[in-house]
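# Observations on the model geometry
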Amino acid sequence: MSPPRPGPTPADRPLRPRTAERISATAFILAAACAVVLVFVYARGADTQAEGLLYFGIFIGAGVGLIVWANTLLDDGQHQEAREPMRGEAGDTAAVDAEISRGGEIERRTLLRRTLWLAGGAVGASLAVPIRSLGPSPGKDLLHTSWADGVGVATQDGGLVRADDVPVDGLLTVFPEHDIGAADAQAVIVRVDPAMLHLAPGREVWAPQGIIAFSKLCTHAACPVGLYQASTHQLLCPCHQSAFDVLRAAVPVSGPAAWPLPQLPLTIDAAGIVRATGDFSEPVGPGWWKR
Ligand code: FES
């Protein structure tokens, strides 16, 4: 085994310890000052460019302080513990006591630790600032849409959809009659041969006369699923080519989507108008909050 490589002597270091100490402490204080100013800038209405510059100052200050400290004040090289009795001689103990009483190295590390804590705390506080910009919690708004029992199915122009209007092998984009244009409530409605449908348990009456509706928001990344391939009875998402099988509760059959499109329960009233009997079968869109 090769002998341990000796660490650099003080003469090998690029900076004198006292100079390095001052540079590190100044850099930490600079980082802390930038963090404090950042909080004030944010509280006064936020200025994106100023905040960017201040974050730059924070991380440059902390980085320079740590690098100078590590390269100049910390020992490096390989060290080997002496295999000697651990108890110090009386003379050594007295020398250490004298060194502690005198200050010097011990005092320098204490200063650096304090300024490092100051910078670390300020940086932590500054990182908490953007959290306030996330806005209010959506609560349960993402779990429901404006579809409800009895709500009429309407097209973009506000006209109620009659069962006879739904074309075989065609596709309509529809909304709740009182919430035209609602992004989360938009649905696609198609008509297929009822005998071909494999309706999920509990949904046996959700597709009267083969008229079936699903959320238009792709369960992969919420793009609109606006294409229908009648020959395969698949709804297609143009963003990343996910395909959903209309005959089997819109389960994904290809592409990156992993979840079926939520189904909208439908009925046909005495006047022949298509109406919902409730909200979608589950929250619409990618739905990460429900999994
Ligand atoms: S958003 Fe539909 S496949 Fe990606």
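All of the points below concern the structure found in this document.

Cut-offs and rules
Residues numbered from 1 in each chain as written. Predicted model: local features only at pLDDT ≥ 70, side-chain atom pairs only at ≥ 80, totals over all residues. Helix = DSSP H or I, 4+ residues; strand = E, 2+ residues; numbered from the N terminus. Buried ≥ 20, exposed ≤ 12 C-beta atoms within 10 Å, placed from the backbone. Contact = placed C-beta atoms within 7 Å. Pairing = 2+ DSSP bridges. Axes fitted to C-alpha atoms, helices over the stretch in contact; angles between N-to-C directions. Core = buried A, V, L, I, M, F, W, Y, C linked by C-beta atoms within 7 Å. Expected span 1.5 Å × (residues − 1). Parallel < 35°, antiparallel > 145°, perpendicular 65-115°, else oblique. Left-handed = near helix turned anticlockwise from the far one by under 90°. Nonpolar A, V, L, I, M, F, W, Y, C, P; charged D, E, K, R; others polar.

## As for the overall build of the protein
For the protein, the helix and strand inventory stands at four helices and 11 strands. Within the protein, buried positions represent 27% of all 291 residues. Considering only contacts within the protein whose residues lie at least 6 apart along the sequence, 58% involve residues at least 24 apart.

## Let's talk about the sheet that holds strand E5 (residues 227-229)
Through backbone hydrogen bonds, the strands of a sheet pair up, either in parallel or in antiparallel fashion. Read from one edge of the open sheet, four strands run E5-E6-E7-E8, paired in antiparallel fashion. Strands with a single pairing partner mark the edges of an open sheet, and in this sheet they are E5 and strand E8 (251-254). With direction set aside, neighbouring strand axes in the sheet form an average angle of 35 degrees.

## Looking at the nonpolar core
Counting residues in each nonpolar core, the largest one holds 37 residues, and the members touching the most others are Val188, Ile189 and Ala213. When neighbours within four sequence positions are excluded, Ala213 is seen to be in contact with Val174, Ala187, Val188, Ile189, Leu264 and Leu266. Judged by nonpolar contacts, the second largest core, of 18 residues, contains Ala25, Ala27, Phe28 and Ile58.

## Here we look at the sheet that holds strand E1 (residues 149-154)
The seven strands are arranged E9-E4-E3-E2-E1-E11-E10 in an open sheet whose pairing can be described as antiparallel. Edge strands, defined here as strands with exactly one partner in the open sheet, are strand E9 (263-264) and strand E10 (266-268). Bridging between E1 and strand E11 (residues 274-277) involves two bridges; their strand directions are antiparallel. Paired with Gly152 across the bridge in E11 is Arg275.

## Quick look at helix H1 (residues 17-43)
In a regular helix each residue adds 1.5 Å, so 27 residues correspond to 39 Å; H1 covers 39 Å between its end C-alpha atoms and thus fits that length. Among the residues trailing H1, Gly45 stands out with phi positive, at a value near 125 degrees.

## Thoughts on the environment of Ser24
With respect to the helices and strands, Ser24 occurs in helix H1. On the basis of neighbour count, Ser24 is assigned to the buried category, with 27 C-beta atoms found within 10 Å. Along the backbone, Ser24 and Leu111 are 87 residues apart, and their C-alpha atoms lie at a distance of 9.8 Å.

## Description of unusual backbone geometry
Across the chain, the bulk of peptide bonds are trans and the bulk of non-glycine residues have phi less than zero. Of note in the backbone geometry, His233 takes a positive phi value of approximately 55 degrees without being a glycine. Secondary-structure assignment places His233 in the loop between E5 and strand E6 (234-236). C-beta crowding within 10 Å serves as the criterion here: with 18 such atoms nearby, His233 is assigned to the partly exposed category.

## Things to note about the packing of H1 against helix H2 (residues 48-73)
One way to put it is that H1 packs onto H2 with a least axis distance of 8 Å and a crossing angle of 160 degrees. It follows from the interaxial angle that H1 and H2 lie roughly antiparallel. Read as a crossing pair, H1 and H2 show a hand that is left-handed. Looking at the contact of H1 with H2 residue by residue, the classes come out as 22 nonpolar, five polar and two charged.

## Quick notes on the pairing of strand E3 (residues 187-191)
Judged by how many residues are buried, E3 sits mostly within the fold: four of five residues are covered. For strand E2 (residues 171-176) and E3, the ladder comprises four bridges, and the chain directions are antiparallel. In the strand pairing of E3, Leu171 is matched with Val190. Across five bridges, E3 lies against strand E4 (residues 211-215) in antiparallel orientation. What sits directly across from Val190, in E4, is Ile212.

## Remarks on the pairing of E1
Where E1 meets E2, two bridges bridge the pair, whose relative direction is antiparallel. Residue Val153 lies in a different strand from E2, and its bridge partner there is Pro176.

The quantities given are spatial measurements derived from coordinates; they are silent on function.
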